[in-house]
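# Structure at a glance
One-letter residues, chain by chain:
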Amino acid sequence: AQFKSKFPKNFYWGGATAANQIEGAFDVDGKGLSAADFVEYIPKEERTKDNAMEITSEQIRKTLSGESTARHPKREGIDFYHNYKEDIALLAEMGFTAFRFSIHWSRIFPNGYDETPNEAGLQFYDNVLDELAKHKIEPVVTLSHYETPYGLTERYNGWVGRETVDHFVRYAETVFTRYKNKVKLWISFNEINMITISPFTGGGILSDKEDNPMQAKYQGLHHQFVASSLATKKLHEIIPDGKMGCMLARMTFYPNTPNPEDVLKAQKENQDNLFFTDVHARGEYPKYMERFFIENDIKIVKETGDDEIIKQYPVDYITISYYMSLLASASPEGEVTEGNLLNSLKNPYLQASDWGWQIDPIGLRVTLNDLYDRYQLPIFIVENGIGAYDKVEEDGSIHDDYRIDYLRKHIEQMKEAIGDGVDLIGYLSWGPIDLVSMSTSEMSKRYGFIYVDKDDEGNGTLERSRKDSFFWYKKVIESNGEEL
Ligand code: BG6
């Protein structure tokens with residue numbers, strides 16, 4: 001018989017952002033500096049994966065002393081700080097039932113290690129949450145989205161220091177207590193795997209301060225695992241029906257060929273990526289990592305009780321970002337293309353975005369099935385989308401059919417995955433309103449349904465306008481995914 005899959009009732013539809021990519025107002029109302037505030041805009045010709053995200057002690061010194069001439073677009077964002085009412089009203093017009101944002105930790109604890117929170121920072125998120133409630137939009141709040149307070153970098157080299165765990169837990173407790181009647185769905189660390197790729201972005205860690213940077217980033221990661229579990233414990237005490245999610249930049253690897261060597265390589269790459277959710281969801285370090293740690297001379301320092309904490313307080317649900325799939329090869333020769341966190345060999349069956357990210361909707365179905373088989377926990381897609389150049393027509397309209405096409409195909413595959421039995425609870429597209437790119441700090445890499453008039457050099461009126469995809473997504477939500 002024919003099988004027709006449907007989205008469940010109460011499925012969350014919406015979009016996701018991060019404080020450092022939208023808020024601006026980086027030094028307003030008592031906010032302190034965070035890692036993101038140091039990230040510099042580097043023109044395309046000079047940009048590499050490393051220099052666009054990793055920051056050196058020398059760059060920090062120059063920025064703080066005023067010697068630096070670099071622009072820091074994540075300090076500017078799109079001025080959501082002053083426009084949140086108008087922006088949330090636009091999201092509501094599309095019918096959003098959920099909206100993900102992060103709390104900029106250094107708005108609440110300006111240095112990270114302060115004893116008492118900054119009331120003006122707490123008030124700002126109260127205002128945002130009240131505005132969402134007014135429009136019946138469920139908030140999904142990330143505690144840490146590449147926004148480690150700079151004070152913690154200065155004192156402890158960010159997450160390398162054990163002390164950072166306690167400071168994070170105090171911050172988490174503060175916001176759980178303050179927003180306990182307003183927020184149920186939380187996420188501890190955005191793309192926790194980032195810390196092993198760009199330790200500064202993911203953990204406020206300056207690698208040039210470490211003799212063994214590899215050791216430092218896995219130590220920092222261990223601290224984040226412990227901090228996430230301790231925050232989960234606090235969340236359940238303070239908000240009994242609150243749910244904590246972990247967040248992984250899921251990178252599904254296919255073998256480049258049927259050669260068993262490539263198949264093995266793909267399995268290894270997938271393990272390296274799933275390691276993070278394995279710890280968060282299963283509550284222990286997987287066996288396969290022991291070999292990796294020995295081979296790389298990594299000795300994680302654990303305090304007594306760490307393993308028990310991780311075991312006792314696993315996450316309640318799994319969240320992922322999914323943008324693309326990658327190829328794994330035992331002998332990686334051939335044409336390489338850019339990817340979100342890692343680059344990949346080119347897959348001849350797939351097209352890529354203007355930034356080289358390979359578009360693979362069926363890969364999303366594969367990914368969701370794999371994750372559900374592995375954990376049997378609810379899954380929430382909290383990022384997906386395509387960064388593209390948009391053209392504003394003379395009459396102001398923006399015909400972004402490439403975006404509609406990308407999203408439609410991914411939503412179709414989500415529906416199939418639900419039919420396969422996956423417990424998928426929601427879908428949040430990345431950057432529903434144009435924002436500053438994480439990896440390139442560009443404005444021209446746009447994800448939004450809502451256009452923001454601002455260019456890579458920071459010029460523009462900041463005026464918001466609706467793209468074609470705005471009206472399309474509205475219909476998708478209205479029909480609960482039936483009208484694609
Ligand atoms: C994810 C991040 O990696 O991808 C976001 O969580 C980011 O912060 C998004 O913006 C898209 O990446 P980019 O580099 O195109 O902004």
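Residues numbered from 1 in each chain as written. Predicted model: local features only at pLDDT ≥ 70, side-chain atom pairs only at ≥ 80, totals over all residues. Heavy atoms only, no water.

With that settled, consider the sheet that holds strand E1 (residues 12–16). An order of E1-E2-E3-E4-E5-E7-E11-E12 is seen for the eight strands of this closed barrel, with the pairing classed as parallel. Between one strand axis and the next, the sheet turns through 25° on average, direction left out of account. Here strand E11 (residues 379–383) pairs with strand E12 (residues 424–430) via three bridges, running parallel. Counted as the bridge partner of phenylalanine 380 is glycine 426 from E12. Across the sheet, helix H9 (residues 163–178) lies against strand E3 (138–144), strand E4 (185–189) and strand E5 (243–249), angled at about 160° from E3, the strand it touches most. Relative to the sheet, helix H11 (residues 213–238) contacts E4 and E5, its axis offset from that of E4 by approximately 160°. (Pairing = 2+ DSSP bridges. Helix = DSSP H or I, 4+ residues; strand = E, 2+ residues; numbered from the N terminus. Axes fitted to C-alpha atoms, helices over the stretch in contact; angles between N-to-C directions. Contact = heavy atoms within 4.5 Å.)

Bringing the site of the ligand into the picture now. Taken together, 13 residues are adjacent to the ligand, and Glu191, Glu383, Met438, Ser439 and Tyr447 come closest. Here glutamate 191 contributes a side-chain N or O atom positioned 2.6 Å from an oxygen atom of the ligand. With respect to the pocket detection grid, the ligand is positioned in the largest cavity. Grouping the constituent residues of the shell around the ligand by class yields five nonpolar, five polar and three charged. (Near = heavy atom within 4 Å. Polar contact = N/O pair within 3.5 Å; in protein donor to acceptor, adjacent residues only side chain to side chain. 1 Å grid on protein atoms, 1.4 Å probe; cavity = no way out; pocket = protein on both sides within 12 Å on 5 of 7 lines; lining within 4 Å. Sits in = over half its atoms within 2 Å of the grid points. Nonpolar A, V, L, I, M, F, W, Y, C, P; charged D, E, K, R; others polar.)

With that out of the way, let us pick up the packing of H11 against helix H12 (residues 260–282). For the pair H11 and H12, interaxial distance at closest approach is 10 Å and the crossing angle is 35°. As for how H11 packs across H12, the hand of that crossing is right-handed. Between H11 and H12, the residues in contact are Tyr218, Leu221, Phe225 and Ser228 and Phe275, Phe276, Val279 and His280, respectively. (Left-handed = near helix turned anticlockwise from the far one by under 90°.)

A word on unusual backbone geometry. Even without being glycine, aspartate 29 reaches a positive phi, approximately 55°. Here aspartate 29 lies in the loop between helix H1 (19–22) and helix H2 (49–53). With a phi angle near 60°, aspartate 79 is a residue other than glycine that sits in the positive phi range. Within the secondary structure, aspartate 79 is located in the loop between helix H4 (73–76) and helix H5 (80–93).

Burial analysis of E3 places six of its seven residues in the buried class, the great majority of the element. Inspection of the sheet shows strand E2 (residues 98–102) paired to E3 by five bridges, in the parallel sense. Its bridge partner lying in E3, phenylalanine 99 is registered against proline 139. Pairing analysis gives four bridges linking E3 to E4, with the strands arranged parallel. (Buried < 20%, exposed > 50% of the residue type's maximum accessible area, 1.4 Å probe, protein only.)

With that out of the way, let us pick up the nonpolar core. Counting 135 residues, the largest nonpolar core has Trp186, Phe275 and Tyr473 as the members making the most contacts within it. Tallying contributions element by element places H11 first for this core, with eight residues. (Core = buried A, V, L, I, M, F, W, Y, C linked by side-chain atoms within 4.5 Å.)

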